[in-house]
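One letter stands for each residue in the lines below.
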Amino acid sequence: MAAMARASSGLQYPDRFYAAASYAGFDGSPKSSSKAIRSRFSDEAALLLYGLYQQATVGRCNVPEPSSWHAMEKSKWKSWNGLGNMAPVEAMRLFVKILEEEEPGWYSRVSGFVPEPEPVLDVQINNDAKAEPVIENGKSIPETKTISTENGSLPETQDKDVLVEGLGSVVVYDQWISPPVSGLRPKARYEHGAAIIQNKMYIFGGNHNGRYLNDLHVLDLRSWAWTKPEAKTQSPESPPEKLTPCAGHSLISWENKLLSIAGHTKDPSEAIQVRVFDVQTSNWSTLKTYGKPPVSRGGQSVTLVGTSLVIFGGQDAKRTLLNDLHILDLETLTWDEIDAVGAPPSPRSDHAAAVHAERYLLIFGGGSHATCFNDLHVLDLQAMEWSRPTQQGDIPTPRAGHAGVTVGENWFIVGGGDNKNGVSETVVLNMSTLVWSVVTSVQGRVPIASEGISLVVSSYGGEDILVAFGGYNGRYTNEVNVLKPSHKSTLQSKMTETSVPDSVSAVHNITNRDVESEFEGTQEGKIREIVMDNIESENLNKSEQTNELIATLKAEKEELESSLSKEKIHSLQLKQEFADAENRNSELYKELQSVRSQLAAEQSRCFKLEVNVVELRQKLQTMETLQKELDLLQRQKAASEEALRAKQKQGSGGVWGWLAGSPPPEEA
């Protein structure tokens, strides 16, 4: 009898919401005052949390609008009223989501926190609960688990297809399998980095309960055994250095080395850092680069194209979303910022990127602060020109935090979320025809339907195997899941040969006939069976398409209403800032008028002083004239006195002459 187990995610709703509300300060405690909440969160986040709390606990806003004199109360009312008819359960989930964005480690700090148990999957065991392991050729085959599909059935397998060694134990196509791993598993995490070197999957860093990690783990894909190498952080040329914990970085394999690029850190640097791990020496070092490196960030995409790394988008340390483009040449170790023509993708993070034909860079999905995307953009790396081609087939829903790998011209996308639920479908894009199709779908809250999941591709016996690890879907996981693709996405009847968009016109199309010839022989019967199953399932599900469309439209409406409420809150904040600016402008204008009045008084006083100066100058000129006249009179007086003295002297001589009998002169 098949055994089923439900996934546990710690506290369930609504208990998780009330725990988050209590932590954020919405429980009536002294820390629940508006001042206390605003001191912990930004104004925008505080208002949005208030509105969502009211919507979840009270319901639709029916209270009258406060007076404009109470700016804060009016802002809170608008935040609540803007949520409209949002369901209380949705408000609870958005409240917890925003709190996790503001303080990722809140759950671990809640009073009475109990560590979460090890993850349990929604799985269906191939064997009975008490069945013994299968014995073949004297060897014991470990028990494997297959994640349940939409119809709940498991593909039949034959004993002759069962192989014991590692990836060879994957015997079914297009189904996620949880292999029996051994060794000490890494700590559960998401937003980590993963890469393949020599049939070994390396896991580095990530985020667990808001704490950044810097540990390195290795999974041998032949023995399914986990090991933890003794990584070093020193080299003969440089002293030991501390390896910074990070999340949201990118891990790339290059020449038997691992390159860890960018990522969020507790104390971010100004520019992107590139770390190098040598798998032979187990040595970490910092790659010395030249040129101007990009600003530090996380959630970016890093794609290896030839001998260059192409970095796009992400989110910097100030939570600013980016859509810039940079290239690091791994031969010259030189950074180059690219200014491509055309309309680039909008700023985003947690998207997926892939390269096709070593020429076309594809960007799919990602998220902003308010919404998720499902748009597809193509960059021609030769012409450096952006374009947005038309997608065809089963176009995926908006998502962020997903992962992707390429197998030939097929681009497989796994996981991700839309701020509400994890994405359950594994989809594939034919990069030549730009046609989407669904590979498989899972049920329940399982690791495959997680955000921040990692995905790598390996091979065994000439067949490709997808390996997924970790992720977050309400809880952190450290599960390993594998899928062997049958490449049916290129063979379905609805995927007829289509014209290639102009943006990828240089890529050669592969017709259905070419693809069928490629998979002739032993897989021909399996492929036809898959196609027939798809046709039958489409006929059976026709009646459900209308309901699904209505549900999708409702979900989109709720998402748009949520985005609208956030935009209204942002607009309210801008209006408040504008009002504050007007008040400051009014105060400055009054101060300016006062200064002008003082200046006018000083100008009047200055004018009076200038008049006094003119009058004094005129008086001074008059005094100078009088002084000259005085000098002239003094000289005249002196001359008169001199003449008088001479006359007196002459007069005294005449008296003596008169006395002597001589008469005075006639003149006298």
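Residues numbered from 1 in each chain as written. Predicted model: local features only at pLDDT ≥ 70, side-chain atom pairs only at ≥ 80, totals over all residues. Heavy atoms only, no water.

The protein is annotated in an unreviewed UniProt entry as Acyl-CoA-binding domain-containing protein 4-like isoform X2 from Cucurbita moschata. According to the UniProt record, the Sequence similarities (unreviewed entry) comment for the protein is "Belongs to the ACBP family." (UniProt positions renumbered as here; feature names shortened; annotations may be inferred.)

Trainee: Got a minute to help me understand the overall build of the protein in this structure?
Mentor: The secondary structure content of the protein amounts to 8 helices and 29 strands. Within the protein, buried positions represent 43% of all 668 residues. Here the analysis covers contacts within the protein between residues at least 6 apart in sequence; of these, 60% occur between residues at least 24 apart. In the structure as shown, the protein presents an accessible area of about 36100 Å², 52% of it carried by carbon and sulfur atoms. (Helix = DSSP H or I, 4+ residues; strand = E, 2+ residues; numbered from the N terminus. Buried < 20%, exposed > 50% of the residue type's maximum accessible area, 1.4 Å probe, protein only. Contact = heavy atoms within 4.5 Å. Areas by Shrake-Rupley, 256 points an atom, 1.4 Å probe, with all protein chains shown as cover.)

Trainee: Is there a simple way to explain the packing of aromatic side chains in this structure?
Mentor: Two aromatic rings, taken as a pair, are described by how far apart their centres are and by the angle between their planes. Under the counting rule described, the total for this entry stands at 14 aromatic pairs. Each ring, one from Phe204 and one from Trp284, has its centre 4.8 Å from the other, and the planes form 40°; the classification is tilted. Within this pair, whereas Phe204 is found in strand β7 (residues 200-208), its partner Trp284 is found in strand β13 (residues 283-286), the two being separated by 80 residues in sequence. In this structure, Phe204 and Trp284 share a single accessibility class: buried. For the ring pair Phe364 and Trp436, a centre distance of 4.9 Å and an interplane angle of 50° mean the geometry is tilted. Here the residue Phe364 occupies a position in strand β19 (residues 360-364), and Trp436 occupies one in strand β26 (residues 435-441), the gap between them amounting to 72 residues. (Phe/Tyr/Trp six-rings, centres within 6.5 Å; stacked < 30°, edge-to-face > 60°.)

Trainee: Honestly, the packing of helix α1 (residues 15-24) against helix α5 (residues 88-102) in this entry has me stumped. Any pointers?
Mentor: The geometry of α1 relative to α5 is characterised by a closest axis approach of 9 Å and an angle of 45° between their N-to-C directions. Between α1 and α5, the angle is such that the two are oblique. Seen from above, α1 lies across α5 with left-handed handedness. On the side of α1, the interface is formed by Arg16, Phe17, Tyr18, Ala20, Ala21, Tyr23 and Ala24, while α5 contributes Met92, Phe95, Val96, Leu99 and Glu100. In the contact of α1 with α5, the residues fall into 10 nonpolar, no polar and 2 charged. (Axes fitted to C-alpha atoms, helices over the stretch in contact; angles between N-to-C directions. Parallel < 35°, antiparallel > 145°, perpendicular 65-115°, else oblique. Left-handed = near helix turned anticlockwise from the far one by under 90°. Nonpolar A, V, L, I, M, F, W, Y, C, P; charged D, E, K, R; others polar.)

Trainee: Sorry, what's going on with the nonpolar core here?
Mentor: Most often, soluble globular proteins have nonpolar side chains that are buried together. Counting 29 residues, the largest nonpolar core has Phe17, Phe26, Phe41, Leu52, Phe95, Leu99 and Trp106 as its most contacted members. Looking at this core, the elements with two or more residues in it are α1, α3 (43-57) and α5. The element contributing the most residues to this core is α3, with 8 residues. Once you skip the residues sitting within four places of it in the chain, Trp106 turns out to touch Arg16, Ala19, Ala20, Tyr23, Val96, Leu99 and Glu100. Membership of the second largest hydrophobic core comes to 18 residues, among which are Val170, Trp224, Trp226 and Val480. (Core = buried A, V, L, I, M, F, W, Y, C linked by side-chain atoms within 4.5 Å.)

Trainee: I'm lost on the pairing of strand β25 (residues 425-430) in this one. Help?
Mentor: Each regular strand shows side chains that alternate between the opposite faces of the sheet. Counting buried residues in β25 gives 5 out of 6 residues, a clear majority hidden from the surface. In this structure, strand β24 (residues 410-414) lies alongside β25, joined through 4 bridges in antiparallel fashion. Of the residues in β25, the one forming a bridge with Ile413 is Val427. One ladder, built from 6 bridges, connects β25 with β26; its direction is antiparallel. Bridging from a neighbouring strand, Val427 pairs with Val438 of β26. Counting the residues that bridge the hairpin from β25 to β26 gives 4 residues, and of these Leu434 lies at a positive phi of roughly 60°. (Pairing = 2+ DSSP bridges.)

Trainee: I'm lost on the pattern of salt bridges in this one. Help?
Mentor: When the charged atoms of two side chains with opposite charge come close together, those side chains can pair. This structure, assessed with the given rule, holds 15 salt bridges. Taking the shortest distance from any N to any O, the salt bridge between Lys76 and Glu73 comes out at 3.8 Å. Here the residue Lys76 and the residue Glu73 both occupy positions in helix α4 (residues 71-81), the gap between them amounting to 3 residues, near one helical turn. When the shortest N-O distance is used, the salt bridge between Glu602 and Arg605 registers 4.0 Å. In this pair, Glu602 and Arg605 are both assigned in helix α8 (residues 542-660), 3 residues apart and thus about one turn of the helix distant. A relative accessible area of 47% means that Glu602 is categorised as partly exposed. (Salt bridge = Lys/Arg side-chain N within 4 Å of Asp/Glu carboxyl O.)

Trainee: What is the right way to read the sheet that holds strand β20 (residues 376-380) from this model?
Mentor: Strand pairing in a sheet relies on backbone hydrogen bonds. The paired strands run either parallel or antiparallel. Reading across the sheet, the 4 strands line up as β18-β19-β20-β21 and stay open at both edges, with antiparallel pairing between neighbours. At either end of the open sheet lies a strand with only one pairing partner, and these are β18 (352-356) and β21 (385-387). Ignoring strand direction, the axes of neighbouring strands in this sheet form an average angle of 20°. The sheet contact formed by β20 and β21 spans 3 bridges and is antiparallel. Its bridge partner being in β21, Asp380 is matched across the sheet by Glu385.

Trainee: How should I be thinking about the environment of Gly367 in this particular structure?
Mentor: With respect to the helices, strands and loops of the structure, Gly367 is situated in the loop between β19 and β20. Accessibility expressed as a relative area gives 6% for Gly367, which makes it buried. Each C-alpha atom of the pair Gly367 and Asn419 lies 9.4 Å from the other, and the pair is 52 residues apart in sequence. Beyond its immediate stretch of four places on either side in the chain, Gly367 contacts Leu321, Arg348, Ser349, Cys372, Phe373 and Ala400.

Trainee: Whenever I open this one, the pairing of strand β28 (residues 463-469) confuses me. Can you help?
Mentor: The element β28 is extensively covered by neighbouring structure, given that 5 of its 7 residues are classed as buried. As consecutive antiparallel partners, strand β27 (residues 454-460) and β28 are separated by 2 residues, and within that stretch Gly461 has a phi angle of approximately 60°, a positive value. When β28 meets strand β29 (residues 480-483), the two strands line up antiparallel, connected through 4 bridges. Residue pairing across strands places Val467 opposite Val482, the latter belonging to β29.

Trainee: I keep staring at the packing of α1 against α3 and nothing clicks. Help me out?
Mentor: To describe two helices that pack against each other, one gives the angle between their axes and the distance between the axes. At their nearest, the axes of α1 and α3 sit 12 Å apart, and the two run at 140° to each other. Taken together, α1 and α3 sit at an angle that is classed as oblique. Seen from above, α1 lies across α3 with left-handed handedness. Only Tyr53, Ala56 and Thr57 of α3 make contact with α1, whose side of the interface consists of Phe17, Tyr18 and Ala21. When its residues are assigned to classes, the contact of α1 with α3 shows 5 nonpolar, 1 polar and no charged.

Trainee: How do you make sense of the side chain of Arg189 when you look at a structure like this?
Mentor: When you line up the elements, Arg189 lands in the loop between β5 (177-178) and β6 (193-197). Note on Arg189: relative accessible area 0%, which makes it buried. Within the structure, Arg189 has its side chain in polar contact with the backbone oxygen of Gly205 (distance 2.8 Å). When near neighbours in sequence (up to four residues on either side) are disregarded, Arg189 contacts Ile203, Gly205, Asn207, Leu213, Asp215, His217, Phe469, Gly470, Gly471, Tyr476 and Thr477. (Polar contact = N/O pair within 3.5 Å; in protein donor to acceptor, adjacent residues only side chain to side chain.)

Trainee: Mind showing me how you'd approach unusual backbone geometry here?
Mentor: Among all residues except glycine, the phi angle is most often negative; among peptide bonds, the trans geometry is most common. In this model, Ala357 sits at a positive phi of 55°, which is unusual for a non-glycine residue. Looking at where Ala357 falls in the secondary structure, it is placed in the loop between β18 and β19.

Trainee: Sorry, what's going on with α1 here?
Mentor: Since the α-helix packs 3.6 residues into each turn, any two residues three or four apart lie on the same face. Of all 10 residues that make up α1, 7 are buried, and the element is covered over most of its length. Of the residues making up α1, those classed as buried are Arg16, Phe17, Ala19, Ala20, Ala21, Tyr23 and Ala24. Looking one or two residues past α1, Gly25 carries a phi angle of roughly 100°, positive in sign.

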